[in-house]
Amino acid sequence: MSSPLLTATQLVKNFGGLNAISNVSVHFDQNELIGLIGPNGAGKTTLFNLLTGVTPVSAGTISLYTDHGVKTVNGQTPAQVAQAGVSRTFQNIRLFKELTVLDNVRIAMTNHYHEGFISSLLRTPKFYRTETAMTVAAEKLIAIFDLSAVADQPAKNLPYGVQRRLEIVRALATKPKLLFLDEPAAGMNPEETADLTRLIRQIQQDFHITVVLIEHDMSLVMTVVERLYVLEHGALLAEGTPREIQQNPAVIKAYLGGDA
Ligand SMILES: Nc1ncnc2c1ncn2[C@@H]1O[C@H](COP(=O)(O)OP(=O)(O)OP(=O)(O)O)[C@@H](O)[C@H]1O
(Lines give C-alpha, C1' and ligand atoms only; values in the text may rest on other atoms or scores of the structure.)
Protein backbone atom coordinates (compact mmCIF):
# COMPACT_ATOMS: atom_id res chain seq x y z
CA MET A 1 0.00 0.00 0.00
CA SER A 2 1.59 3.28 -1.09
CA SER A 3 1.44 6.42 1.03
CA PRO A 4 -0.11 9.60 -0.32
CA LEU A 5 2.03 12.65 -1.01
CA LEU A 6 -0.43 15.06 -2.56
CA THR A 7 -4.16 14.88 -3.09
CA ALA A 8 -6.18 17.44 -5.01
CA THR A 9 -9.94 17.30 -4.74
CA GLN A 10 -12.51 18.82 -7.08
CA LEU A 11 -10.22 21.51 -8.46
CA VAL A 12 -11.82 24.24 -10.53
CA LYS A 13 -10.16 27.09 -12.39
CA ASN A 14 -12.09 29.69 -14.33
CA PHE A 15 -10.43 32.40 -16.40
CA GLY A 16 -13.31 34.82 -16.84
CA GLY A 17 -15.89 32.78 -18.77
CA LEU A 18 -13.43 30.02 -19.66
CA ASN A 19 -13.57 26.91 -17.51
CA ALA A 20 -9.94 25.77 -17.81
CA ILE A 21 -10.15 23.08 -15.09
CA SER A 22 -13.43 21.52 -14.02
CA ASN A 23 -13.76 19.27 -10.98
CA VAL A 24 -10.41 17.56 -11.40
CA SER A 25 -9.27 15.25 -8.60
CA VAL A 26 -5.81 13.68 -8.66
CA HIS A 27 -3.53 11.98 -6.19
CA PHE A 28 0.20 11.43 -6.31
CA ASP A 29 1.78 8.86 -3.98
CA GLN A 30 5.29 8.70 -2.51
CA ASN A 31 7.98 7.73 -4.99
CA GLU A 32 5.74 7.49 -8.06
CA LEU A 33 6.45 8.55 -11.64
CA ILE A 34 3.24 9.86 -13.15
CA GLY A 35 2.41 11.18 -16.60
CA LEU A 36 -0.06 13.95 -17.38
CA ILE A 37 -1.17 13.95 -20.99
CA GLY A 38 -3.85 15.54 -23.12
CA PRO A 39 -4.29 17.56 -26.30
CA ASN A 40 -3.13 21.17 -26.61
CA GLY A 41 -5.15 23.47 -24.40
CA ALA A 42 -6.47 20.57 -22.28
CA GLY A 43 -5.40 22.33 -19.08
CA LYS A 44 -2.18 20.47 -18.19
CA THR A 45 -0.06 23.54 -17.43
CA THR A 46 -2.97 25.19 -15.65
CA LEU A 47 -3.24 22.13 -13.40
CA PHE A 48 0.50 22.36 -12.62
CA ASN A 49 0.04 26.07 -11.88
CA LEU A 50 -2.77 25.32 -9.43
CA LEU A 51 -0.80 22.56 -7.71
CA THR A 52 2.28 24.76 -7.25
CA GLY A 53 0.54 27.96 -6.10
CA VAL A 54 1.38 29.88 -9.29
CA THR A 55 -2.33 30.35 -10.05
CA PRO A 56 -4.95 30.48 -7.27
CA VAL A 57 -7.72 27.86 -7.51
CA SER A 58 -11.31 28.97 -8.11
CA ALA A 59 -12.46 26.03 -5.97
CA GLY A 60 -11.15 22.77 -4.55
CA THR A 61 -8.59 21.58 -2.04
CA ILE A 62 -4.95 20.60 -2.39
CA SER A 63 -3.38 18.68 0.49
CA LEU A 64 0.28 17.87 0.86
CA TYR A 65 1.41 15.11 3.22
CA THR A 66 4.57 16.41 4.89
CA ASP A 67 6.76 15.14 7.74
CA HIS A 68 4.87 17.62 9.92
CA GLY A 69 1.38 16.46 9.01
CA VAL A 70 -1.08 17.29 6.25
CA LYS A 71 -0.78 20.82 4.88
CA THR A 72 -3.35 22.64 2.79
CA VAL A 73 -1.50 24.08 -0.18
CA ASN A 74 -4.22 26.07 -1.94
CA GLY A 75 -3.97 29.73 -1.00
CA GLN A 76 -0.20 29.46 -0.47
CA THR A 77 2.37 31.38 -2.52
CA PRO A 78 4.71 29.50 -4.90
CA ALA A 79 7.55 30.14 -2.41
CA GLN A 80 5.56 28.59 0.43
CA VAL A 81 4.63 25.61 -1.72
CA ALA A 82 8.29 25.18 -2.68
CA GLN A 83 9.28 25.39 0.98
CA ALA A 84 6.80 22.60 1.71
CA GLY A 85 8.68 20.34 -0.72
CA VAL A 86 7.15 20.92 -4.15
CA SER A 87 9.33 22.01 -7.05
CA ARG A 88 8.79 22.47 -10.78
CA THR A 89 10.12 23.47 -14.15
CA PHE A 90 8.29 25.62 -16.68
CA GLN A 91 7.62 25.19 -20.40
CA ASN A 92 9.77 28.22 -21.13
CA ILE A 93 13.29 28.23 -19.73
CA ARG A 94 13.76 30.36 -16.61
CA LEU A 95 17.45 30.30 -15.83
CA PHE A 96 19.70 33.15 -14.73
CA LYS A 97 21.25 33.41 -18.17
CA GLU A 98 24.29 35.49 -17.19
CA LEU A 99 25.22 33.30 -14.22
CA THR A 100 27.29 30.14 -14.45
CA VAL A 101 25.76 26.68 -14.29
CA LEU A 102 27.20 26.24 -10.78
CA ASP A 103 25.77 29.54 -9.51
CA ASN A 104 22.37 28.79 -11.02
CA VAL A 105 22.26 25.61 -8.94
CA ARG A 106 23.74 27.21 -5.80
CA ILE A 107 21.10 29.95 -5.82
CA ALA A 108 18.34 27.35 -6.00
CA MET A 109 19.87 25.70 -2.94
CA THR A 110 19.78 28.75 -0.70
CA ASN A 111 16.25 27.79 0.34
CA HIS A 112 17.71 24.93 2.32
CA TYR A 113 20.94 26.36 3.64
CA HIS A 114 19.97 29.08 6.08
CA GLU A 115 23.10 31.02 6.93
CA GLY A 116 21.50 33.77 8.91
CA PHE A 117 21.90 37.46 8.19
CA ILE A 118 24.67 38.17 10.73
CA SER A 119 26.63 35.11 9.69
CA SER A 120 26.61 36.11 6.02
CA LEU A 121 27.27 39.78 6.77
CA LEU A 122 30.28 39.07 8.98
CA ARG A 123 31.52 36.14 6.88
CA THR A 124 31.80 33.94 9.98
CA PRO A 125 33.31 30.41 9.86
CA LYS A 126 29.73 29.09 9.75
CA PHE A 127 29.13 31.13 6.62
CA TYR A 128 32.13 29.55 4.89
CA ARG A 129 31.13 26.04 6.02
CA THR A 130 27.65 26.58 4.56
CA GLU A 131 29.11 27.98 1.34
CA THR A 132 31.38 24.96 0.97
CA ALA A 133 28.58 22.49 1.71
CA MET A 134 26.39 24.19 -0.88
CA THR A 135 29.10 24.09 -3.52
CA VAL A 136 29.84 20.41 -2.86
CA ALA A 137 26.14 19.50 -3.05
CA ALA A 138 25.69 21.58 -6.23
CA GLU A 139 28.71 19.95 -7.87
CA LYS A 140 27.34 16.48 -7.07
CA LEU A 141 24.01 17.25 -8.72
CA ILE A 142 25.74 18.82 -11.70
CA ALA A 143 27.83 15.66 -12.13
CA ILE A 144 24.75 13.39 -12.03
CA PHE A 145 23.31 15.39 -14.92
CA ASP A 146 26.60 15.28 -16.80
CA LEU A 147 27.11 19.04 -16.64
CA SER A 148 30.48 19.17 -14.83
CA ALA A 149 32.37 20.15 -17.99
CA VAL A 150 30.23 23.29 -18.33
CA ALA A 151 29.89 24.15 -14.61
CA ASP A 152 31.76 27.45 -15.08
CA GLN A 153 29.98 28.47 -18.28
CA PRO A 154 27.26 31.12 -18.23
CA ALA A 155 23.88 29.41 -18.75
CA LYS A 156 23.23 31.46 -21.90
CA ASN A 157 26.18 29.73 -23.65
CA LEU A 158 24.62 26.27 -23.37
CA PRO A 159 22.66 24.56 -26.13
CA TYR A 160 18.91 24.49 -25.59
CA GLY A 161 18.72 20.83 -24.54
CA VAL A 162 21.46 21.36 -21.95
CA GLN A 163 19.68 24.42 -20.55
CA ARG A 164 16.58 22.29 -20.06
CA ARG A 165 18.64 19.72 -18.15
CA LEU A 166 20.04 22.52 -15.97
CA GLU A 167 16.48 23.58 -15.17
CA ILE A 168 15.78 20.14 -13.78
CA VAL A 169 18.96 20.29 -11.70
CA ARG A 170 17.80 23.64 -10.30
CA ALA A 171 14.39 22.22 -9.45
CA LEU A 172 16.06 19.27 -7.69
CA ALA A 173 18.43 21.55 -5.79
CA THR A 174 15.53 22.71 -3.61
CA LYS A 175 15.33 19.11 -2.34
CA PRO A 176 11.72 18.52 -3.31
CA LYS A 177 9.56 15.57 -2.35
CA LEU A 178 7.42 16.24 -5.41
CA LEU A 179 8.75 17.47 -8.74
CA PHE A 180 6.57 18.73 -11.60
CA LEU A 181 8.21 18.75 -15.03
CA ASP A 182 6.40 20.67 -17.76
CA GLU A 183 7.46 19.19 -21.11
CA PRO A 184 11.08 18.69 -20.08
CA ALA A 185 12.00 17.28 -23.48
CA ALA A 186 10.37 20.02 -25.57
CA GLY A 187 12.66 21.01 -28.43
CA MET A 188 14.97 18.02 -28.00
CA ASN A 189 15.74 15.46 -30.68
CA PRO A 190 14.55 11.85 -30.16
CA GLU A 191 17.91 10.68 -28.82
CA GLU A 192 18.19 13.57 -26.32
CA THR A 193 14.58 12.96 -25.31
CA ALA A 194 15.21 9.27 -24.66
CA ASP A 195 18.35 10.10 -22.61
CA LEU A 196 16.51 12.69 -20.57
CA THR A 197 13.63 10.36 -19.88
CA ARG A 198 15.96 7.65 -18.63
CA LEU A 199 17.61 10.24 -16.41
CA ILE A 200 14.28 11.36 -14.98
CA ARG A 201 13.43 7.75 -14.14
CA GLN A 202 16.83 7.33 -12.49
CA ILE A 203 16.62 10.43 -10.32
CA GLN A 204 13.03 9.63 -9.32
CA GLN A 205 14.28 6.30 -7.99
CA ASP A 206 17.65 7.42 -6.56
CA PHE A 207 16.27 10.50 -4.82
CA HIS A 208 13.08 8.70 -3.68
CA ILE A 209 10.87 11.48 -4.97
CA THR A 210 7.60 11.68 -6.83
CA VAL A 211 7.78 13.08 -10.35
CA VAL A 212 4.83 14.25 -12.42
CA LEU A 213 5.60 14.73 -16.08
CA ILE A 214 3.79 16.55 -18.88
CA GLU A 215 5.02 15.05 -22.13
CA HIS A 216 3.69 15.11 -25.66
CA ASP A 217 5.69 12.15 -26.91
CA MET A 218 3.23 9.38 -26.11
CA SER A 219 5.48 6.46 -26.91
CA LEU A 220 8.06 7.86 -24.56
CA VAL A 221 5.80 8.70 -21.67
CA MET A 222 4.21 5.26 -21.89
CA THR A 223 7.55 3.52 -21.46
CA VAL A 224 8.58 5.27 -18.24
CA VAL A 225 5.59 6.23 -16.13
CA GLU A 226 3.74 3.97 -13.72
CA ARG A 227 0.43 5.79 -13.94
CA LEU A 228 -1.17 8.40 -16.18
CA TYR A 229 -3.84 11.03 -16.01
CA VAL A 230 -5.49 12.15 -19.24
CA LEU A 231 -7.05 15.60 -19.42
CA GLU A 232 -9.41 16.83 -22.11
CA HIS A 233 -11.16 20.21 -22.19
CA GLY A 234 -10.15 20.80 -18.57
CA ALA A 235 -11.74 17.58 -17.27
CA LEU A 236 -10.25 14.23 -16.37
CA LEU A 237 -10.88 11.79 -19.20
CA ALA A 238 -9.05 8.77 -17.80
CA GLU A 239 -6.60 7.53 -15.18
CA GLY A 240 -4.61 4.30 -15.17
CA THR A 241 -1.49 2.38 -16.05
CA PRO A 242 0.01 2.92 -19.52
CA ARG A 243 -1.56 -0.35 -20.66
CA GLU A 244 -5.00 0.68 -19.36
CA ILE A 245 -4.72 4.10 -20.99
CA GLN A 246 -3.63 2.62 -24.31
CA GLN A 247 -6.71 0.39 -24.31
CA ASN A 248 -9.17 2.99 -23.01
CA PRO A 249 -11.75 3.60 -25.77
CA ALA A 250 -12.41 7.20 -24.67
CA VAL A 251 -8.69 8.00 -24.82
CA ILE A 252 -8.24 6.32 -28.18
CA LYS A 253 -11.14 8.29 -29.56
CA ALA A 254 -10.35 11.66 -28.04
CA TYR A 255 -6.60 11.79 -27.84
CA LEU A 256 -4.98 9.24 -30.08
CA GLY A 257 -7.36 10.12 -32.90
CA GLY A 258 -8.26 6.51 -33.67
CA ASP A 259 -11.52 4.60 -33.57
CA ALA A 260 -12.66 3.14 -30.28
N1 LIG B 1 -3.76 33.05 -17.57
C2 LIG B 1 -4.72 32.64 -18.41
N3 LIG B 1 -5.74 33.46 -18.76
C4 LIG B 1 -6.73 33.05 -19.60
N5 LIG B 1 -6.78 31.81 -20.14
C6 LIG B 1 -5.80 30.96 -19.83
C7 LIG B 1 -4.71 31.31 -18.96
N8 LIG B 1 -3.89 30.24 -18.84
C9 LIG B 1 -4.42 29.26 -19.61
N10 LIG B 1 -5.55 29.69 -20.19
C11 LIG B 1 -6.44 28.89 -21.07
O12 LIG B 1 -6.75 27.68 -20.37
C13 LIG B 1 -6.81 26.59 -21.27
C14 LIG B 1 -5.81 25.51 -20.83
O15 LIG B 1 -4.50 25.96 -21.10
P16 LIG B 1 -3.19 25.17 -20.66
O17 LIG B 1 -2.00 25.99 -21.05
O18 LIG B 1 -3.31 24.77 -19.25
O19 LIG B 1 -3.28 23.87 -21.59
P20 LIG B 1 -2.17 22.75 -21.85
O21 LIG B 1 -2.87 21.45 -21.79
O22 LIG B 1 -1.02 22.95 -20.94
O23 LIG B 1 -1.77 23.09 -23.35
P24 LIG B 1 -0.38 22.86 -24.13
O25 LIG B 1 -0.23 21.39 -24.33
O26 LIG B 1 -0.64 23.58 -25.42
O27 LIG B 1 0.70 23.47 -23.30
C28 LIG B 1 -6.52 27.14 -22.65
O29 LIG B 1 -7.74 27.41 -23.29
C30 LIG B 1 -5.77 28.43 -22.35
O31 LIG B 1 -5.94 29.37 -23.38
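Remember, predicted model here, so these are calculated numbers, not experimental data.

## Quick word on the sheet that holds strand β10 (residues 235-240)
Phase 1: Within the open sheet, the 6 strands sit side by side as β6-β7-β8-β3-β9-β10. Their pairing is mixed. At either end of the open sheet lies a strand with only one pairing partner, and these are β6 (86-88) and β10. Neighbour-to-neighbour, the strand axes of the sheet open up by a mean angle of 20°, direction not taken into account.
Phase 2: As paired strands, strand β7 (residues 178-182) and strand β8 (residues 210-214) are joined by 5 bridges and run parallel to one another. Paired with Leu 178 across the two strands is Thr 210, which belongs to β8.
Phase 3: This element, helix α1 (residues 44-51), spans β3 (33-37), β6, β7, β8 and β9 (227-232) of the sheet and lies at about 150° to β7.
Phase 4: In the packing of helix α7 (residues 190-206) onto the sheet, the strands contacted are β3, β7 and β8, and the crossing angle to β8 comes to about 155°.

## Concerning the site of the ligand
Phase 1: Taken together, Phe 15, Leu 18, Ala 20, Gly 38, Asn 40, Gly 41, Ala 42, Gly 43, Lys 44, Thr 45 and Thr 46 are the residues near the ligand.
Phase 2: Listed by contribution, the elements that provide at least two residues to the shell around the ligand are β2 (18-29) and α1.
Phase 3: Broken down by element, the shell around the ligand gets its largest block of residues, 3 residues, from α1.
Phase 4: Class assignment of the residues belonging to the shell around the ligand gives a composition of 4 nonpolar, 6 polar and 1 charged.

## Brief notes about the domain arrangement of the chain
How large an interface is tends to be reported as the accessible area lost when its parts come together.
Phase 1: For the chain, the assigned domains are domain 1 (1-85 + 176-259) and domain 2 (93-174).
Phase 2: Contacts between domain 1 and domain 2 engage 13 residues on the former and 10 residues on the latter.
Phase 3: Listing elements by their share of the side of domain 1 that touches domain 2, those giving two or more residues are α2 (78-83), β7 and α7.
Phase 4: With 4 residues, the top contributor of residues to the side of domain 1 that touches domain 2 is α7.
Phase 5: Of the residues that constitute the side of domain 1 that touches domain 2, the class distribution is 10 nonpolar, 2 polar and 1 charged.

## Section: α1
Along an α-helix, residues three or four positions apart point the same way, because every turn accommodates 3.6 residues.
Phase 1: With 7 of its 8 residues buried, α1 lies for the most part within the structure.
Phase 2: Within the span of α1, buried status applies to Lys 44, Thr 46, Leu 47, Phe 48, Asn 49, Leu 50 and Leu 51.
Phase 3: Gly 53 sits one or two residues past α1 and shows a positive phi near 80°.

## What about the sheet that holds β2?
Phase 1: Across the sheet, 4 strands lie side by side as β2-β1-β4-β5; this open sheet has antiparallel pairing. Each edge of the open sheet is held by one strand with a lone partner, namely β2 and β5 (69-72). For this sheet, the mean inter-axis angle between neighbouring strands, taken without regard to orientation, is 20°.
Phase 2: Across 8 bridges, the pairing between strand β1 (residues 4-15) and β2 is antiparallel. Residue pairing for β2: Asn 14 is matched across the bridge by Asn 19.
Phase 3: Seen against the sheet, α1 touches β1, β2 and β4 (59-66) and runs at an angle of roughly 65° to β2.

## What to know about unusual backbone geometry
Phase 1: One non-glycine residue, Gln 10, lies in positive phi territory at about 50°.
Phase 2: For Gln 10, the location among the structural elements is in strand β1.
Phase 3: Backbone geometry at Asn 31 places phi at a positive 60°, although glycine is not the residue there.

## Observations regarding the pairing of β10
Phase 1: The pairing of β9 with β10 spans 5 bridges and is classified as antiparallel. Across the sheet, Glu 232 pairs through a bridge with Ala 235, a residue of β10.
Phase 2: From the end of β9 to the start of β10, which pair antiparallel, there are 2 residues, and His 233 there has a positive phi angle of about 45°.

Definitions and cut-offs
- By convention here, each chain's residues receive numbers from 1 onward along its written sequence.
- Where totals are concerned, whole chains, interfaces and linings use all residues; where local detail is concerned, this predicted model gives features only for residues with pLDDT of at least 70, and gives and counts side-chain atom pairs only at 80 or more.
- In this description, strands pair whenever DSSP reports at least two bridges between them.
- Helix and strand assignments follow DSSP, with helices taken as H or I runs no shorter than four residues and strands as E runs no shorter than two, numbered in order from the N terminus.
- All axes are obtained by fitting lines to C-alpha atoms, using only the stretch in contact for helices, and the reported angles, taken between N-to-C directions, cover 0 to 180 degrees.
- Residues are treated as contacting if the C-beta atoms built from their backbones sit within 7 Å of each other.
- As a rule, any residue with its backbone-derived C-beta atom within 6 Å of a molecule or strand is reported as near that molecule or strand.
- Polarity classes work like this: nonpolar for Ala, Val, Leu, Ile, Met, Phe, Trp, Tyr, Cys and Pro, charged for Asp, Glu, Lys and Arg, and polar for all others, with Gly in that last group.
- Residue ranges assigned to each domain were obtained from an automatic or database domain assignment.
- Each residue is classified by how many other C-beta atoms fall within 10 Å of its C-beta atom, where C-beta atoms are placed from the backbone; a count of 20 or more means buried, 12 or fewer means exposed, and values in between mean partly exposed.

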